[in-house]
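Fold and contact review
Now for the letters of each chain:
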Amino acid sequence: MSTAQSVIGSDTIAGRPASVAHMFLSRVEATPDQPAYRYPVAVDAQAADGAPGAEQWHSLTWAQAAERVFAIAAGLLDLGVRPEDRVALASSTRVEWILADLGVMCAGAAVTTVYPSTNADETGYIIADAGCTVLFAEDAKQLAKAVAERANLPELTTVIVFDMPAEAPAVDGLSVIALTELERRGSALLAREPEAVRRTVEGIDAQQLATVVYTSGTTGRPKGVRLSHDAWSYQGVAQEESGLLRPDDTHYMWLPLSHVFGKSLIAGQVRTGHVMAVDGRVDRIIHNLPMIEPTVMASAPRVFEKVYNGIAGKARAEGGAKYKIFMWAARVARQWAQVTQENRVTTGRDSAPLGLSLQHAIADRLVYAKIRAAFGGRMRGAVSGSAALAPEIAYFFAGVGVPVLEGYGLTETSAGIIVNRVEDFRVGTVGIPFAGSEVRIAEDGEILLRGPGVMSGYHNLPEQTAEVLEADGWFHSGDIGELTQGGYLRITDRKKDMFKTSGGKYVAPSEVEGKFKAVCPYVSNILVIGNGRNFCTALITLDEPVIMPWAAEHGVTGKTYREVVTSPQVRGLIEGYVGKLNAELQRWQTIKKFTLLPRDLDIEHGELTPSLKIKRPVVERVYAAEVSEMYAGANEA
């Protein structure tokens, strides 16, 4: 066993169901008439100007959801799908994704998730590597990827399409049917064998393969992570017991369900039985929030950063007294949140000095209440994962009354294994382990994890499995961290991302990047560079919806984003924020030079993973000339 500083967390969760399929049957039996899912349905065609048409939100009770899930499961059985057969799912977040996922699990098969943004080559690689025999495809676009890669997919026999095109392509040896047709076939089988699905569920073993989820990977081909039914059942029970999800919640689900974080929340929802409003369209988040009125929502940090920048940008555009009031209120929110947290840690009470409390109450009436209303007015906590959230932004939202609960996990741990609790969250940490899971810090600072949610290994990669998974169950995360007071975990950096300058000093780039996002409201992405160099530099992209109004107000009008970011005015603006950043850093961490890139980083160019993590090697390769220019002829002393 690896040596470590300490071990935190060991309480077990006994008596959990063998699978999410078992939990689903129990849920339907317990609350058949309670609402399970809400989802939008278009009632009008798209407007001529491209604006979305009118929509109505429909609901499914648990009994209605079960009817469709059982039909899908039976349809898969009718196709010949058997336990542990892999079934791929390539779609954006929508209610059909969840129904198909539950249907696959109730058929005893193993889901392989594919991001809808994944290109045809990598989609083909994932389906082939997993050995999928069936694919659920959202629409003609996702179907086309399978058709394009047909020669590399000999085991794929059937594609089931959610939104069936008018003319499905004819491909030798590949059956293409609509989801409605699969459900029709399943219903016919259930008419003959009413207990077919229940018998299959009863036969599922806890250690049976449930999913092969591929890492979004910042380098190289993604690896398939093998997770058992027990891992997902554990997620559902742990989320309930930790209070992360509650039976009376309304959960707004827009996260990519192809990501392990999104999928784990399905298990939690089945366990607690709360309502889930499902709509994966990111451009509808602001519109949907006040209508859904969620009590909980999960997101990547980038969304909270954009929300904060948008609020600050709007206040800045209004100018005058409104901007001054907002800046004062933001400062009070951070101070109040920080003080109350410190007092909670030391005394167990959320308290603040009278003067600060009075300022906070005034700011609440003037500013915070409006922000909470924009979130729907009922948000008890938002969950953030996949990357670090700048503490200054976390303190702001905590002070406003929309606490952002950071958690930690990886694909290899079936998503969250450590999370903050709403009643005692600590900004700057990712919380404490779920019951039944353990965390320890190795001598080199690496975070090691163990528990029911940890994978059994990488699919077809025994050597790579052995590199990260010890015989006694400890998983090497590749992240660096420390345990703080009360057993709260703080992440400091990715082990592989840390670099050493030519002067022998270690730099944690994500720490510097997080600090810059906290001081600069215009930044979208930043990549700190300096491995083997004598000073650090940075590639920076700006948030277009925020920087363009600022540019117009400062005489940079009638120009494209590319022209705006190369203007002297914007260059000078960002130089000021880099100076503020450097004032908070050690000398060897400071950014000596930076380049503003002509466009933002994105998934389409391969610079971001689908979970919005920067692919550092890709970005450095694409902008190698810009990096070389920053160091060309420089005196690195």
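Here is a short report on the structure shown in this document. From a predicted model like this one, the values you see are computed outputs, not experimental measurements. (Residues numbered from 1 in each chain as written. Predicted model: local features only at pLDDT ≥ 70, side-chain atom pairs only at ≥ 80, totals over all residues. Heavy atoms only, no water.)

Examining the overall build of the protein
Looking only at helices and strands, the protein features 21 helices and 27 strands. Computed over its C-alpha atoms, the radius of gyration of the protein comes to 25 Å, within 12% of the 26 Å expected for a compact globule of 637 residues. Summarising its shape, the C-alpha atoms of the protein cover approximately 75 × 65 × 55 Å along the three principal directions. Split into buried and exposed, the 637 residues of the protein put 55% on the buried side. (Helix = DSSP H or I, 4+ residues; strand = E, 2+ residues; numbered from the N terminus. Rg over C-alpha atoms; globule rule 2.2 N^0.38 Å. Buried < 20%, exposed > 50% of the residue type's maximum accessible area, 1.4 Å probe, protein only.)

A look at the pattern of salt bridges
With the rule as written, the count across this model stands at 27 salt bridges. The partner of Glu138 in a salt bridge is Arg94, with the nearest N and O atoms 3.1 Å apart. With Glu138 in the loop between β6 (134-137) and α5 (140-148) and Arg94 in the loop between β4 (86-90) and α3 (95-106), this pair connects stretches of sequence that are 44 residues apart. In terms of burial, Glu138 and Arg94 fall into one category: buried. The salt bridge involving Asp163 is made with Arg94; its shortest N-O contact spans 2.8 Å. Placement of Asp163 in the loop between β7 (158-161) and β8 (175-178) and of Arg94 in the loop between β4 and α3 is noted, with a sequence separation of 69 residues between them. Exposure remark for Arg94: the relative accessible area of 15% places this residue in the buried category. (Salt bridge = Lys/Arg side-chain N within 4 Å of Asp/Glu carboxyl O.)

Points about the packing of aromatic side chains
The full count for this structure, using the stated rule, is twelve aromatic pairs. Site record: aromatic cluster; members linked through ring pairs are Phe304, Tyr308, Phe326, Phe375, Phe396 and Phe397. It is Arg221 that lies over the ring of Tyr125; its NZ or CZ is 4.4 Å from the centre. A cation sits over an aromatic face here: Arg440 above Trp474, 4.7 Å from the ring centre. (Phe/Tyr/Trp six-rings, centres within 6.5 Å; stacked < 30°, edge-to-face > 60°. Lys NZ or Arg CZ within 6 Å of the ring centre and 35° of its normal.)

Comments concerning unusual backbone geometry
With a phi angle near 70°, Glu84 is a residue other than glycine that sits in the positive phi range. As for its placement among the helices and strands, Glu84 is situated in the loop between α2 (62-78) and β4. Given a relative accessible area of 31%, Glu84 falls into the partly exposed group. Positive phi outside glycine occurs at Glu293, with the angle close to 50°. Secondary-structure assignment places Glu293 in the loop between α10 (285-292) and β13 (296-299). A relative accessible area of 36% means that Glu293 is categorised as partly exposed.

Structural notes on the pairing of strand β21 (residues 475-483)
Moving residue by residue along a regular strand, the side chains alternate between the two faces of the sheet. Across the nine residues that make up β21, a large majority, seven, are buried. Note: strand β19 (residues 446-450) against β21, three bridges, orientation antiparallel. By the bridge assignment, Leu448 is partnered in β21 with His476. Direction of pairing for β21 relative to strand β22 (residues 489-494): antiparallel, over a ladder of five bridges. In the sheet register, Glu482 faces β22, and the bridge partner there is Arg490. (Pairing = 2+ DSSP bridges.)

Observations regarding helix α13 (residues 354-374)
The first and last C-alpha atoms of α13 sit 28 Å apart over 21 residues, in line with the 30 Å expected at 1.5 Å per residue. At Asp364, α13 is bent by approximately 60°, the largest bend along its length. Those residues of α13 that fall on the buried side of the exposure criterion are Leu356, His360, Ala363, Val367, Tyr368 and Ile371. Its buried side turned inward, α13 meets α11 (301-318), α12 (320-347) and α14 (391-400). Backbone geometry just downstream of α13 places Gly376 in the positive-phi region, at approximately 110°. (Expected span 1.5 Å × (residues − 1). Bend = angle between axes of the 7 residues up to and from the residue. Contact = heavy atoms within 4.5 Å.)

As for the sheet that holds strand β27 (residues 591-596)
Pairing is mixed in the open sheet, where three strands are placed in the order β25-β26-β27. Since the sheet does not close on itself, it has two edges, and those belong to β25 (523-529) and β27, each with one partner. Neighbour to neighbour, the strand axes of the sheet diverge by 25° on average, direction disregarded. Inspection of the sheet shows β25 paired to strand β26 (residues 536-542) by six bridges, in the antiparallel sense. (Axes fitted to C-alpha atoms, helices over the stretch in contact; angles between N-to-C directions.)

Topic: the side chain of Ser524
Note that Ser524 resides in strand β25. For Ser524, a relative accessible area of 2% puts it in the buried group. Contact partners of Ser524, with chain neighbours within four places excluded, come to Arg302, Lys517, Thr541, Leu542, Asp543 and Asp600.

Brief notes about the side chain of Glu138
Judged by relative accessible area, which is 10%, Glu138 ranks as buried. Side-chain polar atoms of Glu138 contact the side chain of Ser92, separated by 2.6 Å. Excluding residues that lie within four positions of it along the chain, Glu138 makes contacts with Ala90, Ser91, Ser92, Arg94, Val161, Phe162 and Asp163. (Polar contact = N/O pair within 3.5 Å; in protein donor to acceptor, adjacent residues only side chain to side chain.)

A closer look at the nonpolar core
Counting residues in each nonpolar core, the largest one holds 134 residues, and the members touching the most others are Phe24, Tyr37, Leu76, Leu102 and Phe136. Counting residues per element, this core draws most heavily on α2, which supplies ten residues. Not counting residues within four places of it along the chain, the set of residues in contact with Tyr37 comprises His58, Ser59, Leu60, Trp62, Ala65, Val95, Ile98, Leu102, Gln269, Met276 and Val278. Of all hydrophobic cores here, the second largest spans 32 residues; its members include Tyr561, Val564, Val565 and Ile591. (Core = buried A, V, L, I, M, F, W, Y, C linked by side-chain atoms within 4.5 Å.)

Details of the sheet that holds strand β17 (residues 432-433)
Pairing within the open sheet is mixed, and its nine strands lie in the order β3-β2-β12-β11-β13-β14-β15-β16-β17. The open sheet is flanked by β3 (55-61) and β17, the only strands paired with a single partner.

Here we look at the packing of α2 against α3
Across the interface, α2 lies against α3 with an axial gap of 8 Å and an inter-helix angle of 55°. In terms of their interaxial angle, α2 and α3 are classed as oblique. The two elements α2 and α3 meet at a crossing, and its hand is right-handed. Two secondary-structure elements touch here, α2 through Ala65, Arg68, Val69, Ile72, Ala73 and Leu76 and α3 through Leu99, Ala100, Leu102, Gly103, Val104 and Cys106. Classifying every residue of the contact of α2 with α3 by side-chain character gives ten nonpolar, one polar and one charged. (Parallel < 35°, antiparallel > 145°, perpendicular 65-115°, else oblique. Left-handed = near helix turned anticlockwise from the far one by under 90°. Nonpolar A, V, L, I, M, F, W, Y, C, P; charged D, E, K, R; others polar.)

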